[in-house]
Amino acid sequence: MSASANREQTAIEVRPYTELDAASTLAIFIAAVSETASADYTAEQTEAWADIDARDLQPWGRAMAARNSFVATIDEEVAGFSDVSATGYVDMMFVAPRFLRRGVARRLLEHGETLARKAGARALTADVSITARPFFERFGFVVTAEQHPVKRGVGLTNFVMKKDCIEPSSRGS
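All figures in this text were calculated on a predicted structure; none of them were measured in a lab.

Quick notes on the pairing of strand E3 (residues 77-83)
Along a regular strand, successive side chains alternate from one face of the sheet to the other.
Here is step 1 of the chain: Of all seven residues that make up E3, six are buried, and the element is covered over most of its length.
Here is step 2 of the chain: Where strand E2 (residues 69-74) lies against E3, six bridges are found, and the strand directions are antiparallel. Bridged to Ala72 within E3 is Gly80.
Here is step 3 of the chain: Hairpin connection from E2 to E3: two residues lie between these consecutive antiparallel strands, with Asp75 at a positive phi of about 50 degrees.

As structure tokens, then:
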């Protein structure tokens, strides 16, 4: 089966985050930063960003629940996760490396945009990595600023990106 046919047949479900998702989402975060982002960041930068030694499952789980997080699953396995605030801020969006290029991030973004729109947000905003920037640009986000945050004493580069929430066309028109 071709890669494009495989992508078309992938059933991606999106559901709210539960406390049972803490371990899988933390593992996805660490793998995405350590493996996927390593194409654009140095080993020192990905180690500082992942900050594995400082990650504790209980605080991670509480933070995920507090951020209105949701997960994407394929065959009931968590493949990625994201969140969105009522104001439209996306704090995190990560996909497990083995599920890349299967539509997981697209489904997460669509779901987040729907939630933000329902909450009355006028735009989606996010602090986006070098690695994720092309994805966000494909879906209408524009860079509004370049940032240089410091994690564990190591400088990184990311981008403030924004996408105006366009109201869905009115019913019946």
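Focus: the nonpolar core
Here is step 1 of the chain: With 47 residues, the main nonpolar core has Phe29, Phe81, Phe94, Val104 and Phe136 as its most contacted residues.
Here is step 2 of the chain: When residues of this core are assigned to their parent elements, the largest contribution, seven residues, is made by helix H2 (residues 22-36).
Here is step 3 of the chain: Beyond its immediate chain neighbours, meaning those up to four positions away, Phe136 contacts Met93, Leu109, Ala126, Val128, Phe141 and Met161.

Some words on the sheet that holds strand E10 (residues 158-164)
Here is step 1 of the chain: Spatially, four strands are ordered E4-E6-E10-E7 in an open sheet, and the strand pairing comes out mixed. Looking at the sheet topology across the chains shown, the edges are occupied by strand E4 (89-90) and strand E7 (142-147).
Here is step 2 of the chain: By the bridge criterion, five bridges tie E7 to E10 in an arrangement that is antiparallel. Bridged to Gln147 within E10 is Asn158.

What to know about the packing of aromatic side chains
Here is step 1 of the chain: This structure, assessed with the given rule, holds nine aromatic pairs.
Here is step 2 of the chain: Ring geometry for Phe29 and Trp60: centres 5.3 Å apart, planes at 40 degrees, overall tilted. Here Phe29 is found in helix H2, whereas its partner Trp60 is found in helix H4 (residues 57-66), with 31 residues between them in sequence. Trp60 carries the same exposure label as Phe29, and that label is buried.
Here is step 3 of the chain: Geometrically, the ring pair formed by Trp60 and Phe81 is edge-to-face, given 6.1 Å between the ring centres and 85 degrees between the ring planes.

Remarks on the environment of Ala54
Here is step 1 of the chain: As for its position among the elements, Ala54 is in the loop between helix H3 (43-50) and H4.
Here is step 2 of the chain: Through-space distance from the C-alpha of Ala54 to that of Leu124 is 29 Å; in sequence the pair is 70 residues apart.

Details of the confidence of the model for the chain
Here is step 1 of the chain: Looking at the chain as a whole, the pLDDT averages 91, with 90% of positions reaching at least 70.
Here is step 2 of the chain: Overall, residues 169-173 carries pLDDT values under 50, and its contacts beyond four positions in sequence, including any with other chains, amount to zero contacts.

Examining the layout of surface pockets
Here is step 1 of the chain: One number sums up the size of the largest pocket: a volume of about 1,100 Å³.
Here is step 2 of the chain: Met93, Phe94, Ser129, Ala132 and Phe136 are, among the 40 residues lining the largest pocket, the residues nearest its centre.
Here is step 3 of the chain: Mapped by element, the contributors of at least two residues to the lining of the largest pocket are H2, E4, strand E5 (93-95), helix H5 (104-118), strand E6 (123-129) and helix H6 (133-138).
Here is step 4 of the chain: The class makeup of the residues in the lining of the largest pocket is 25 nonpolar, seven polar and eight charged.

Remarks on the environment of Ala126
Here is step 1 of the chain: As for its position among the elements, Ala126 is in strand E6.
Here is step 2 of the chain: According to the relative accessible area criterion, Ala126 is buried, its value standing at 3%.
Here is step 3 of the chain: Residues Ala126 and Val33, spaced 93 residues apart in sequence, show a C-alpha to C-alpha distance of 16 Å.
Here is step 4 of the chain: Setting aside chain neighbours within four positions, we find Ala126 in contact with Tyr89, Val90, Phe136, Phe159, Val160 and Met161.

Reading the values: the criteria
Residues numbered from 1 in each chain as written. Predicted model: local features only at pLDDT ≥ 70, side-chain atom pairs only at ≥ 80, totals over all residues. Heavy atoms only, no water. Buried < 20%, exposed > 50% of the residue type's maximum accessible area, 1.4 Å probe, protein only. Helix = DSSP H or I, 4+ residues; strand = E, 2+ residues; numbered from the N terminus. Pairing = 2+ DSSP bridges. Core = buried A, V, L, I, M, F, W, Y, C linked by side-chain atoms within 4.5 Å. Contact = heavy atoms within 4.5 Å. Phe/Tyr/Trp six-rings, centres within 6.5 Å; stacked < 30°, edge-to-face > 60°. pLDDT = per-residue confidence, 0-100. 1 Å grid on protein atoms, 1.4 Å probe; cavity = no way out; pocket = protein on both sides within 12 Å on 5 of 7 lines; lining within 4 Å. Points joined across faces, edges and corners; volume = space filled by probe spheres on them. Nonpolar A, V, L, I, M, F, W, Y, C, P; charged D, E, K, R; others polar.

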